[in-house]
Amino acid sequence: MKTLSTSLSLALAYLREKPLATILNILLLGLGVGTIIALALTLAQLEEGMDRDAAGIDLVIGAKGSPLQLILSTVFHIDIPTGNVPVSDAAAVIASPMVKQAIPLALGDSYKTFRIVGTNAAYVQLYGASVLSGRMWNAPQEAVIGAEVARVTGLVAGMTFTGSHGLTEGGSGHADHPYTVVGVLKPAGSVIDRVILTAIESVWQVHGHADAANSVSAVAEKLAKDHDHDHRQADKDEGKEVTAYLIQYATPLAAASFPRRVNAGSTLQAAAPALEVARLFNLLGVGIAALKVFALVMMLCAALGIFVGLTNALNERRADLALLRLLGASPAMVFLTVLTQGIALGVAGVILGLLIGHAGTEWIGATLEKTHRIALTGFTLIREEFWIAAGAFGLALLAGVFPAWRAYRSAVPVLLSRT
Amino acid sequence: MVVDIRDLKAGYGTKAVVSLASLQIETGEHTLLLGPSGCGKTTLLNVLSGIASTLAGRVVINGTALETLSVGDRDRFRGKHIGLVMQRLHLISALTISKNLRLAQQLAGVSVNDGIILGALEKLGLAAMLDRYPRELSQGEAQRVAIARAVINRPALILADEPTSALDDANCLAAIDLLFDQATAYGATLIVATHDQRIKARFERVVTLEPYL
């Protein structure tokens, strides 16, 4: 124990003696570890969040265009929609016996970058959300807001607001069609926290389809209970449009044929969230892999820096090593003193890396929250971090072993003869 | 008797550098090892301190035969019983003076005692230097600290290798006086190896080594 404490205090004194080299080595290792950790934290939370947001949605049906855009806009609400589709066109498709539930979405407006989603009660049930204060909407122009919306905008039940076109602030507004907040949802940890929900009729009303009685909600809700739909409903839906339907299959077998049938046989597009999310991560994968390689190179450079630093220090401090031996230090203690410098640099680099990684993720989260309403936090831990930290520490340790071994093997007379 | 050498042959690898039939040094004696460069003075000091192994013969220090000790035991023995003053290996630059002396106590396996450290430095007029780094000292001050380090563990034997070769006449004699005073104060036996003839007259015993052929 005494040997350990003596080695540690001597190693720290040596590191303090060369502050610039020490700080640079720690910084380099910290930046490498931090970059990889920030990437890992971001990816893990994005994947987890996307999985959660897309849970229970087997397919999305909307206007033709980019399937990824359709999913991003209707499931995650972070992109503009591909367009709208006539309710009458979709009615026959969602009436298929392979469809268990079709939740309509009418998008287009937002309030302070939070999307206004015209839908029905099934959307709230899909995310298992419930009302924290107030009640659910039961008439057009009534709105229920997600927990995050309430936190950021300060809206509470009883307050009114008007939506504006698009997803960004500053779009032209609908001052003549104000919404009244009637309820606030409990935090659900999913995308529903970040949207403003209203009856689909509200969206039609705001955009000039006043005949709310012919509601597509009614069609969809009825469909959920009974597939024996009335073809005359299609006539009533003439002129109405929705952005998309979130589909739940009646049977898993539907995944094999239903999307193909929709894409081939209608003016609609069908996209599966699971496939598109996987495709998104594949697309991101190249960039992420490049960043990971860059961070890995930084870590290797740091390890090399530690190795070169310790080897140079070893050559410069031959006199010190000889002196330690003359004063009674064993070869093992000399080994430990040199190795402890590598260990100390490794520990400091890993700690700095963890701080950089988590602070960086928090910063990315704050930025993304403002611009894309993506929830990301640095105040979380993932198992992958342990392996990253262990790997970085192992590299630093390895960088210290060779110089330490050389110090261990050096005979005192040889050390003395070279000083 | 502190040092008892018989039929010694020592060197590096298999090559003998020094040969000594017999040398006995009593407790408290001040002995000068004199001889030209390359005659084996440093090697003999290395043998006495357990740094170098003997090729033949027997070396007993303070009752312990060095050849019976393992490398680790010799390291510990040296830290505890032998004080060393080297010509160039003075102080660790990364540590303050007090930490240099504390390190010497830690490595010798004795309890760290700041009182002893301060006392040793006071005797050498260095009490104010406790928190300074070696680079902040003059050469003379650094050498006095090295002497303090050699005596704080109260060694039975102090070995000094060319302690005066880099000093001018005045500092040379002052350094030797200091070594004598400290060895006497701590009851230690002193062996100085040098080719410096200026200090010959100060020693009651001079052992001249001849180059080994």
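Rules used throughout
Residues numbered from 1 in each chain as written. Chains lettered and ligands numbered in written order. Predicted model: local features only at pLDDT ≥ 70, side-chain atom pairs only at ≥ 80, totals over all residues. Heavy atoms only, no water. Helix = DSSP H or I, 4+ residues; strand = E, 2+ residues; numbered from the N terminus. Rg over C-alpha atoms; globule rule 2.2 N^0.38 Å. Buried < 20%, exposed > 50% of the residue type's maximum accessible area, 1.4 Å probe, protein only. Contact = heavy atoms within 4.5 Å. Areas by Shrake-Rupley, 256 points an atom, 1.4 Å probe, with all protein chains shown as cover. Lys, Arg positive; Asp, Glu negative; His and termini not counted. Charge placed at Lys NZ, Arg CZ, Asp CG, Glu CD. Buried area = accessible area lost by both parts, 1.4 Å probe. Polar contact = N/O pair within 3.5 Å; in protein donor to acceptor, adjacent residues only side chain to side chain. Nonpolar A, V, L, I, M, F, W, Y, C, P; charged D, E, K, R; others polar. Domains from an automatic or database assignment. Salt bridge = Lys/Arg side-chain N within 4 Å of Asp/Glu carboxyl O. Pairing = 2+ DSSP bridges. Axes fitted to C-alpha atoms, helices over the stretch in contact; angles between N-to-C directions. Expected span 1.5 Å × (residues − 1).

1. Structural notes on the overall build of chain B
Then comes step 1: Across its full length, chain B holds six helices and nine strands.
Then comes step 2: Computed over C-alpha atoms, the radius of gyration of chain B comes to 17 Å, within 12% of the 17 Å expected from 2.2 N^0.38 for 213 residues, which places it in the range of a compact globule.
Then comes step 3: Summarising its shape, the C-alpha atoms of chain B cover approximately 50 × 40 × 30 Å along the three principal directions.
Then comes step 4: The proportion of buried residues among the 213 residues of chain B is 54%.
Then comes step 5: A separation threshold of at least 6 residues defines the contact pool for chain B, and within that pool the share at least 24 residues apart is 71%.
Then comes step 6: Element-wise, carbon and sulfur atoms account for 49% of the exposed surface of chain B, whose accessible area totals about 8900 Å².
Then comes step 7: With 22 positive and 21 negative side-chain charges, chain B shows a separation of 5 Å between the mean positions of the two kinds.

2. Brief notes about the interface of chain A and chain B
Then comes step 1: Counting residues at the interface gives 22 residues for chain A, matched by 24 residues for chain B.
Then comes step 2: Both faces considered, chain A and chain B share a buried interface measuring about 2100 Å² in area, 66% of it formed by carbon and sulfur atoms.
Then comes step 3: Scanning the region where chain A abuts chain B turns up five residue pairs in polar contact (both at pLDDT 80 or more).
Then comes step 4: Elements with a contribution of two residues or more to the side of chain A that touches chain B: helix 1 (2–17), helix 12 (318–326), helix 13 (331–372) and helix 15 (412–418) of chain A.
Then comes step 5: Of all the elements, helix 12 of chain A adds the most residues to the side of chain A that touches chain B, at seven residues.
Then comes step 6: Residue composition of the side of chain A that touches chain B, grouped by class: 15 nonpolar, four polar and three charged.

3. With respect to the domain arrangement of chain A
Residue and element names in this part refer to chain A.
Then comes step 1: Its domain assignment divides chain A into domain 1 (2–50 + 285–418) and domain 2 (59–271).
Then comes step 2: At the junction of the two partners, domain 1 supplies seven residues and domain 2 supplies ten residues.
Then comes step 3: In total, about 710 Å² of surface goes out of reach between domain 1 and domain 2, with carbon and sulfur atoms giving 56% of it.
Then comes step 4: On inspection of domain 1 and its partner domain 2, the count reaches zero salt bridges.

4. A few points about the sheet that holds strand 9 (residues 205–208) of chain B
Residues and elements named next belong to chain B.
Then comes step 1: Ordered in space as 6-7-8-3-9, the five strands form an open sheet in which the pairing is parallel. Whereas interior strands pair on both sides, the edge strands pair on one side only; in this sheet they are strand 6 (82–85) and strand 9. Geometrically, the sheet is characterised by an average inter-axis angle of 20° between neighbouring strands, direction not taken into account.
Then comes step 2: Against the sheet, helix 5 (residues 139–151) engages strand 6 and strand 7 (157–161), with an angle of about 170° to strand 6.

5. Some remarks on helix 6 (residues 169–185) of chain B
Residues and elements named next belong to chain B.
Then comes step 1: Here helix 6 spans 24 Å end to end across 17 residues, near enough to the 24 Å set by a 1.5 Å rise per residue.
Then comes step 2: Inspection of helix 6 places Cys172, Ala175, Ile176, Leu178, Leu179, Phe180, Gln182 and Ala183 among the buried residues, and these make up the whole buried set.
Then comes step 3: Tucked inside the fold, the buried residues of helix 6 contact strand 3 (30–34), strand 6, helix 4 (114–123), helix 5, strand 7 and strand 8 (189–194).
Then comes step 4: Positive phi appears at glycine 187, one or two residues downstream of helix 6, with a value of about 65°.

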